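Chain by chain, the residues run as shown.
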Amino acid sequence: EESASRRYARAAELLESAARLDTNNLDVAAQLEKARARLEQNRKTGQLLEEVRQALEQQDLNTAEQKMLAALDADSENEEAIGLADEVDKAIRRKELEARIEQGVAKARSLLLVESFDEALEILSGLEAESPGSPVVGPWLTHVKQQKQEAERRARFEAQLSETRTLMTR
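**Thoughts on the overall build of the chain**
Here comes step 1: Counting secondary structure elements, the chain contains 6 helices and 0 strands.
Here comes step 2: What you see in the chain, going N to C, is helices and strands ordered as α-α-α-α-α-α.
Here comes step 3: On C-alpha atoms alone, the chain measures out to a radius of gyration of 32 Å, which is more than a quarter above the 15 Å that the 2.2 N^0.38 rule sets for 170 residues.
Here comes step 4: Oriented by its inertia axes, the alpha-carbon framework of the chain measures out at about 120 × 25 × 20 Å.
Here comes step 5: By the burial criterion, 26% of the 170 residues in the chain qualify as buried.

Laid out in structure tokens, this is it:
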């Protein structure tokens, strides 16, 4: 029961007591060895999980992922490991999204410099859809829209000015 409940230290303790009472019982000896092996495996998994937490804290996602895979490989039913695996996965996805946002904003900035407003807006709108309320994407989206409006106003003004000059020269 203790082993089934993943309380391996208590299971080993009980089996050690049983083995002392009946030194010739091979079944108890075999179960004791299994409990000790699981206890050691549980200890190693715990150590790996602690290393995962440290790596997450330091934003070392490659190490966190490697240690997490090792922990799950050692004990795929460990609930703590499963929960921490979700955290690692979320951190990796968040980091990947941040990288896509950084690349997208850089591309949009380049397009803004050559006044390719629609392409820049398309990139930024896609990023906004992927990461609603992003503190990075939102301001850039607003800025590009403002720049596009200003360029359109300038173009209308220059067209009107040109038309006015044409009428004046007649």
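**Quick notes on the packing of helix 3 (residues 61-74) against helix 4 (residues 79-113)**
Here comes step 1: Closest axis-to-axis distance for the helix 3/helix 4 pair is 10 Å, and the angle between their directions is 155°. Compared by their axis directions, helix 3 and helix 4 come out roughly antiparallel. Both helix 3 and helix 4 take part in a crossing whose hand is left-handed. Of the residues in helix 4, those touching helix 3 at Leu61, Ala64, Glu65, Met68 and Leu72 are Ala81, Ile82, Leu84, Ala85, Val88, Ala91, Ile92 and Lys95.

**Considerations on helix 5 (residues 117-130)**
Here comes step 1: Over its 14 residues, helix 5 extends 20 Å from the first C-alpha to the last, a length consistent with the 20 Å expected when each residue adds 1.5 Å.
Here comes step 2: Buried residues in helix 5 make contact with helix 4 and helix 6 (137-169).

**A closer look at unusual backbone geometry**
Here comes step 1: For Gln59, which is not glycine, the phi torsion reads 60° and is therefore positive.
Here comes step 2: Here Gln59 lies in the loop between helix 2 (26-57) and helix 3.
Here comes step 3: You can call Gln59 exposed: its relative accessible area is 51%.

**Re the environment of Leu56**
Here comes step 1: You can see Leu56 is positioned in helix 2.
Here comes step 2: Assessed through its relative accessible area of 13%, Leu56 is described here as buried.
Here comes step 3: Residues Leu56 and Leu84, 28 residues apart in the sequence, show an inter-C-alpha distance of 10.0 Å.
Here comes step 4: The contacts of Leu56, once residues within four sequence positions are left out, are Leu61, Ala64, Leu84, Glu87, Val88 and Ala91.

**With respect to the side chain of Ser131**
Here comes step 1: One can find Ser131 in the loop between helix 5 and helix 6.
Here comes step 2: Setting aside anything within four residues of it in sequence, one finds Ser131 in contact with Leu97 and Ile101.

**Things to note about the confidence of the model for the chain**
Here comes step 1: A residue-level look at the chain finds 91% of positions with pLDDT of 70 or above and a mean pLDDT of 88.
Here comes step 2: Confidence scores differ between elements of the chain, with helix 1 (residues 8-21) showing the lowest mean pLDDT of 69 and helix 5 the highest of 95.

**Some thoughts on the pattern of salt bridges**
Here comes step 1: Summed over the entire model, instances satisfying the criterion amount to 9 salt bridges.
Here comes step 2: When salt bridges with common partners are traced through the structure, they connect Glu50, Arg53 and Glu80 into a single cluster.

**Quick look at helix 4**
Helical geometry: 3.6 residues make up each α-helical turn, so side chains three or four residues apart lie on a common side.
Here comes step 1: In this model, helix 4 (35 residues) spans 51 Å end to end at C-alpha, consistent with the 51 Å of a helix rising 1.5 Å per residue.
Here comes step 2: Residue Asn78 occupies the N-cap position of helix 4, its side-chain oxygen lying 2.9 Å from the main-chain nitrogen of Glu80.
Here comes step 3: Backbone geometry just after helix 4 places Glu115 at a positive phi near 60°.

The rules we used
Residues numbered from 1 in each chain as written. Predicted model: local features only at pLDDT ≥ 70, side-chain atom pairs only at ≥ 80, totals over all residues. Heavy atoms only, no water. Helix = DSSP H or I, 4+ residues; strand = E, 2+ residues; numbered from the N terminus. Rg over C-alpha atoms; globule rule 2.2 N^0.38 Å. Buried < 20%, exposed > 50% of the residue type's maximum accessible area, 1.4 Å probe, protein only. Axes fitted to C-alpha atoms, helices over the stretch in contact; angles between N-to-C directions. Parallel < 35°, antiparallel > 145°, perpendicular 65-115°, else oblique. Left-handed = near helix turned anticlockwise from the far one by under 90°. Contact = heavy atoms within 4.5 Å. Expected span 1.5 Å × (residues − 1). pLDDT = per-residue confidence, 0-100. Salt bridge = Lys/Arg side-chain N within 4 Å of Asp/Glu carboxyl O. Polar contact = N/O pair within 3.5 Å; in protein donor to acceptor, adjacent residues only side chain to side chain.

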